[in-house]
Amino acid sequence: MKELDESQLKEIIAVLMKVGIDEINEETSMDTLESWDSLAHMNLVLTLESEYGVSFPDDDAVNMTSYELIKIVLGELLGGVD
Amino acid sequence: MKNLETSVNDSALVSRARAVLESPESSKFQITKSVQTLEQLGSGRRLSVGVCSNIVTDALGVFLKKYGFISGVNIDVVFGNYDDISGDMETFAEQDLDYAVMMPFFDNLLPSFETQCLLMSADSLDAKKEEFRQLCRLALQKVHVFKQAFIVNCHQSSVYSQILGQECVAAIVGQFNQIIHEETSNHRNVTVIDAGAIVSEHGRKACIDERFYYLNKAPYTDIFLDTLASAITTATKGYESYFKKVLVVDCDNTIWGGIVGEDLVSGIKLNPFDYPGNVFWKIQHDIMYLQNNGVLVCLASKNNLADVDETLSSHPNMFLKDSALISKKVNWIDKVENIKALSDELNLGLDSFIFLDDSDFECDSVRQQLPMVETFQVPKDISKYPELMNQIMKRFGVAEGNDGRQTEKYRRRAQAMELEKNFSTKEDYLKSLDINVRVFSDSVPDIERISELSQKTNQFNLTGHRYSVSDIENRMSGNDFIVYSIDVSDRFGSSGITGILIVKVSNQIFHIENFCMSCRILGRGIENAVWTAVLEDAREYGATTITGEYVASNKNSQVSMLYAELGFTQIEGSDKYKRRYEVAVKDFSQPSSEWITYERIG
């Protein structure tokens, strides 16, 4: 079982959205970041999949459009279902 | 002192970032990060590459930049609009970009084309092929302005067509690729990249991501795009960061097996059938192929000239012809001296030389004494020799499967066809499409689609105003709004509702609340057709003025001048990000798109 390292997750999002890591927090979402558009989102999903060795189901891939949601979905995939 | 420190730190950062890019182990994230670092430091000479496609290929950018930085080049990647290859190519030419990449994705030439094409009538398929030919022709019209341009050819991508309808789909894909070959053969700076070869190298599953194809029209995986970017870099010789022109080859155990001085002509290993003669026989074909593509081939061999000449002229399986060799240094002099002599003779710098030999001693001495010559050693396992030859061919920037004579054949055929039929202008081409635009007002059955378009459209969206289904319902049922929806079809079928324009009517003013068009139909003048309906209604309602607004977002700059181009005047007091425009109904003349037939419905 792999623990989710939040600072690493923040860094990935920050690099892909081309913003400083300080700009990524619990409130960050597609609505708060201008650079987080549908293309950047696709790129993010692919990058998270290869970095964490997971595969997101279609619905999650489309809907996890905020830092909070990504954390939850990733956490579940990495930790397994309770 | 401070500056010195910064530059020392910078150069450490640059070399660390480049090491990440060069390592095959690096993850996509590491690559992205390193590319960003190098971009921020402004490392390398600057070049621009335009990419246009009928699918979403933005992820190619990072890989083009990756191989660019490896070659010491900082590439600015410019993406075209969605599905407007000929328009994009025109824009790229105007923008003076250095390179252009065209990527027509077969399965999206029409929706699910691989499945559709099997069920289409022969006439429709022929019409589609003809349209594709015109598309290629238009896209290539100004291609000569680029240093080099690439067209990634068609290939099968869907699982069904590969297993079930393989023969048929493959045949149709082949016909489209034939068109690409014919249309590109007149353009010397255009290279066809065989996408099918990339897919078969890695496998369809590794190259095509169905999820993002269906979700975002972005079918290619990182593996495919990485290989493609690498192929483009190869074909540009690392964006002209190196130039190889001369191939110097040894004879014994390099272009044939064995030693001719000992084994005699009859004893050397060279034939199409048996190992290891079959490997050397293939290698000779590769060398001739390079020679056909302009590489200067020379011999440098420690042998008796008479033995080598006899082999060249009398061995029955000798494919490499004496006449194809630009110079022969067959003697007992040191190879370093021979290579230097060749450089003088050909008046070409040593850094344009590649040297190929089987001997440790010869390779080492050339590497030591002439480090600018690129030296390759024949592998001890001869079965690995073709792979090495492939590397050498890449260094010459020669793409496999682009045979010189074939090109000539295509060129003649293309010229013959040129006389037959050619659309000289984009307008002629557009006329041939039989575009029909239908404009509906307050079309209740389309409410959901209208709302969806307003939500999804970013580029051609004047104000960014988004509408829910009930917003649209309310506007349609009231008297003070008109909701126009635009349906487009051409001889290949219907694109459905692809544009909306919403007008608020009050006090003799027709105010355009928003105007959106799907980007997949831009570049055909369709956006002009809606004004006929708006103008008709404005007159009927007795409106005197039409007003509109442009609200800048980070994606809609392409329509920032739309109202100005239509002849509206900007109202004073509006700022750069929110501009208001007006035009008097009596003064407004709608732009014409003569190639479009127009129908008013409802």
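Residues numbered from 1 in each chain as written. Chains lettered and ligands numbered in written order. Predicted model: local features only at pLDDT ≥ 70, side-chain atom pairs only at ≥ 80, totals over all residues.

Draft legend 1. Broad picture of the domain arrangement of chain B. All names here are of chain B. When the domains of chain B are assigned, the result is domain 1 (44-240), domain 2 (246-396) and domain 3 (433-601). The distance between the C-alpha centroids of domain 1 and domain 3 comes to 32 Å. Between domain 1 and domain 3, the contact holds nine residues from the first and six residues from the second. When contributions to the side of domain 1 that touches domain 3 are tallied by element, the ones reaching two or more residues are strand S2 (73-82) and helix H6 (122-139). Considering each element in turn, the side of domain 1 that touches domain 3 owes the most residues, three residues, to H6. Grouping the constituent residues of the side of domain 1 that touches domain 3 by class yields three nonpolar, two polar and four charged. (Domains from an automatic or database assignment. Contact = placed C-beta atoms within 7 Å. Helix = DSSP H or I, 4+ residues; strand = E, 2+ residues; numbered from the N terminus. Nonpolar A, V, L, I, M, F, W, Y, C, P; charged D, E, K, R; others polar.)

Draft legend 2. Layout of the packing of helix H22 (residues 447-456) of chain B against helix H23 (residues 469-477) of chain B. Residue and element names in this part refer to chain B. Their axes nearest at 8 Å, the elements H22 and H23 cross at an angle of 120°. Taken together, the axes of H22 and H23 lie oblique to each other. Crossing of H22 over H23 shows right-handed handedness. For the pair H22 and H23, contact is made by Ile447, Glu448, Ile450 and Ser451 and by Val469, Ile472 and Glu473, respectively. Across the contact of H22 with H23, the residue classes tally to four nonpolar, one polar and two charged. (Axes fitted to C-alpha atoms, helices over the stretch in contact; angles between N-to-C directions. Parallel < 35°, antiparallel > 145°, perpendicular 65-115°, else oblique. Left-handed = near helix turned anticlockwise from the far one by under 90°.)

Draft legend 3. How the structure looks around the environment of Lys555(B). All names here are of chain B. Relative to the helices and strands, Lys555 resides in the loop between strand S16 (545-551) and helix H25 (562-566). For the pair Lys555 and His155, spaced 400 residues apart in sequence, the C-alpha to C-alpha distance is 32 Å. Once residues within four sequence positions are removed from consideration, Lys555 is found in contact with Asn458 and Gln459.

Draft legend 4. A look at the sheet that holds strand S1 (residues 45-53) of chain B. All names here are of chain B. Reading across the sheet, the five strands line up as S2-S1-S3-S4-S5 and stay open at both edges, with parallel pairing between neighbours. Since the sheet does not close on itself, it has two edges, and those belong to S2 and strand S5 (190-193), each with one partner. Adjacent strand axes in the sheet meet at a mean angle of 20° when their direction is disregarded. Lying on the sheet, helix H4 (residues 85-94) is in contact with S1, S2 and strand S3 (99-103); it crosses S1 at an angle near 160°. (Pairing = 2+ DSSP bridges.)

Draft legend 5. The arrangement of the nonpolar core in detail. Counting 86 residues, the largest nonpolar core has Leu64(B), Ala100(B), Val101(B), Met102(B), Val152(B) and Leu228(B) as the members making the most contacts within it. The next biggest cluster of nonpolar side chains, apart from the first, holds 42 residues, and it includes Ile447(B), Phe460(B), Ile486(B) and Ala533(B). (Core = buried A, V, L, I, M, F, W, Y, C linked by C-beta atoms within 7 Å. Buried ≥ 20, exposed ≤ 12 C-beta atoms within 10 Å, placed from the backbone.)

Draft legend 6. Looking closely at the confidence of the model for chain A. Residue-level pLDDT values for chain A average 89, and 93% of them are 70 or greater. Taking the mean pLDDT of every element in chain A, the minimum, 90, falls on helix H3 (residues 58-63) of chain A and the maximum, 94, on helix H1 (residues 6-17) of chain A. (pLDDT = per-residue confidence, 0-100.)

Draft legend 7. View of the pairing of strand S7 (residues 296-302) of chain B. All names here are of chain B. Alignment of strand S6 (residues 246-249) against S7, held across four bridges, turns out to be parallel. Looking across to S7, one finds that Val249 is bridged to Leu299. With six bridges joining them, S7 and strand S8 (residues 325-331) adopt parallel strand pairing. Note that in S8 the partner of Lys302 across the bridge is Asn331. You can see the chain leave S7, run along helix H16 (residues 305-314) and come back into S8, and the turn it takes is right-handed. (Right-handed = clockwise from strand over helix to strand, strands pointing away.)

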